[in-house]
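These are the residues of each chain, in order.
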Amino acid sequence: MPKPPLLHFLLLLLVFNVFALAAAGTLQFKEAPQFYNSPDCPLITEEDDSNGESSIFCSDQAIHVAITLDSTYIRGSMAAILSILQHSSCPQNIAFHFVASATANVSLLRATISSSFPYLNFQVYAFDASSVSRLISTSIRSALDCPLNYARSYLANLLPLCVTRVVYLDSDLVLVDDITKLAATPLGDDSVLAAPQYCNANFTSYFTATFWSNPSLSLTFANREPCYFNTGVMVIDLDRWRKGDYTRKIEEWMEVQKRMRIYNLGSLPPFLLVFAGNIVPVDHRWNQHGLGGDNFRGLCRDLHPGPVSLLHWSGKGKPWARLDANRPCPLDALWAPYDLLQTPFALDS
């Protein structure tokens, strides 16, 4: 049934205003409710350390979460934060570590977070992209070439040394389960990271024929059983990362890529080269990924079979963009309740 002309006009006006505000960098967000710990949560004292920062940022009792922040994905980040807090049994024990480009308006990003989450425990770290920019090769989608996509490789350098374990999350996801469960994933005696892995995926497709035809390169997977894993959801032991100098190992593969094209997909393949076959597998419920479709058209997709703890719109299509365009996929309705965007009509009321 066609939309009434007035309704159609109002929808177009709403979309226009949202895009205009985004272009101007002036998106405004509603304040989220405050969330409180359940009675059995560990008590983290509120004293400040010698640097004047809350002790939660160095506490082993805290749940440390790292997310990138930028003006393009800020709406997704805000929804992710809300979903984490809403479903956590110990929301006051979560320490958020946000990573933003050093060239971004960090003060504005910090103010945006504080306005919607006045009680949030968070720090913002400036990521100097100059060190990684020289190593980035063009990938199949320009959005994948953003230097901030590579910040996950530098968390061990960016976060304080006292942070020994962190949950890294992309900005295009929401949790519908308690992050405490994910953060508690055992890493064994020597594993550096844990993530849902998918051994049925065609692993060879993540690398070019140049890679597989060169024994000195392809033998990197000798004595391993490598499987694809999505780097948008990871539990990382930062102490082991630092001791193993894994940032440098990732950079070395990026340097190889600059000399001969061995992959086409942004920041993912270096992680696979270094870690695939050596990670702790996490239940698939913690990364129902691919909801943004592929990297070209962003078509609608269904959930993978099984239970769901985390919904991830990896791929080209993002739920906020599809909702604004009035062309949502069915599963985008699961993201919408976490959207804190203050619409232009609400601002005028």
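Sequence order sets the numbering: in each chain, residues are counted from 1 along the sequence as written. Predicted model: local features are reported for residues with pLDDT of at least 70 only, side-chain atom pairs are reported and counted for 80 or more only, and whole-chain, interface and lining totals are derived from all residues. With hydrogens and water set aside, each side-chain value is computed from the structure's full complement of heavy atoms.

Taking an unreviewed UniProt entry as the reference, the protein chain is identified by name as Hexosyltransferase belonging to Hibiscus sabdariffa. UniProt positions are given in the numbering used here, feature names are shortened, and annotations may be inferred rather than shown by experiment. According to the UniProt record, the Subcellular location (unreviewed entry) comment for the protein chain reads "Membrane". Listed under Sequence similarities (unreviewed entry) in UniProt, the entry text for the protein chain is "Belongs to the glycosyltransferase 8 family."

**Digging into the overall build of the protein chain**
When helices and strands are tallied, the protein chain shows 13 helices and 11 strands. Of the contacts made within the protein chain by residues no fewer than 6 positions apart, 75% connect residues no fewer than 24 positions apart. Carbon and sulfur atoms make up 55% of the accessible area of the protein chain, which amounts to about 16,300 Å² in all. By definition, any uninterrupted DSSP run of H or I lasting at least four residues is a helix, any uninterrupted run of E lasting at least two residues is a strand, and each is numbered from the N terminus. Any two residues whose heavy atoms approach within 4.5 Å at even a single point are treated as in contact. Surface accessibility follows the Shrake-Rupley procedure with a 1.4 Å probe radius. Residue values consider only the protein chains on display as shielding.

**As for the packing of helix α2 (residues 74-87) against helix α3 (residues 106-116)**
Relative to each other, α2 and α3 sit at 35°, their axes nearing to 12 Å. Crossing of α2 against α3: the hand is right-handed. Across from I74, M78 and I81 in α2, the residues of α3 making contact are L109, T112, I113 and S116. Each residue is assigned to one class: nonpolar for Ala, Val, Leu, Ile, Met, Phe, Trp, Tyr, Cys and Pro, charged for Asp, Glu, Lys and Arg, and polar for all the others, Gly among them. Each residue belonging to the contact of α2 with α3 can be placed in one class, and the counts come to five nonpolar, two polar and no charged. To obtain each axis, a line is fitted to C-alpha atoms, and for helices this fit is confined to the stretch in contact; angles are then taken between N-to-C directions over 0 to 180 degrees. Crossing handedness: left-handed means the near helix sits turned counterclockwise from the far one by under a right angle, and right-handed means the same turn made clockwise.

**Details of unusual backbone geometry**
For N223, which is not a glycine, the phi torsion comes out positive at approximately 65°. Its identity as a non-glycine residue notwithstanding, N326 has a phi of 60°, on the positive side. Judged by relative accessible area, N326 falls into the partly exposed class, the value being 37%. Classification of residues uses two cut-offs on accessible area relative to the type maximum, computed with a 1.4 Å probe and protein chains only: under 20% is buried, over 50% is exposed, and between them is partly exposed.

**Structural notes on the state of the cysteines**
Any cysteine sulfur atom paired with another within 2.5 Å is treated as part of a disulfide. Throughout the structure, instances matching the rule amount to four disulfides. In this model, C300 is linked to C329 through a disulfide, with the two sulfur atoms separated by 1.9 Å. As the torsion about the S-S bond is roughly -85°, the C300-C329 disulfide counts as left-handed. In this pair, C300 is assigned in the loop between β10 (280-281) and β11 (310-312) and C329 in the loop between α12 (319-324) and α13 (344-348), connecting sequence segments 29 residues apart. The class of C300 is partly exposed, set by a relative accessible area of 45%. Of note for the protein chain: the bonded cysteines, numbered N- to C-terminal, pair according to 1-3, 2-4, 5-6, 7-8.

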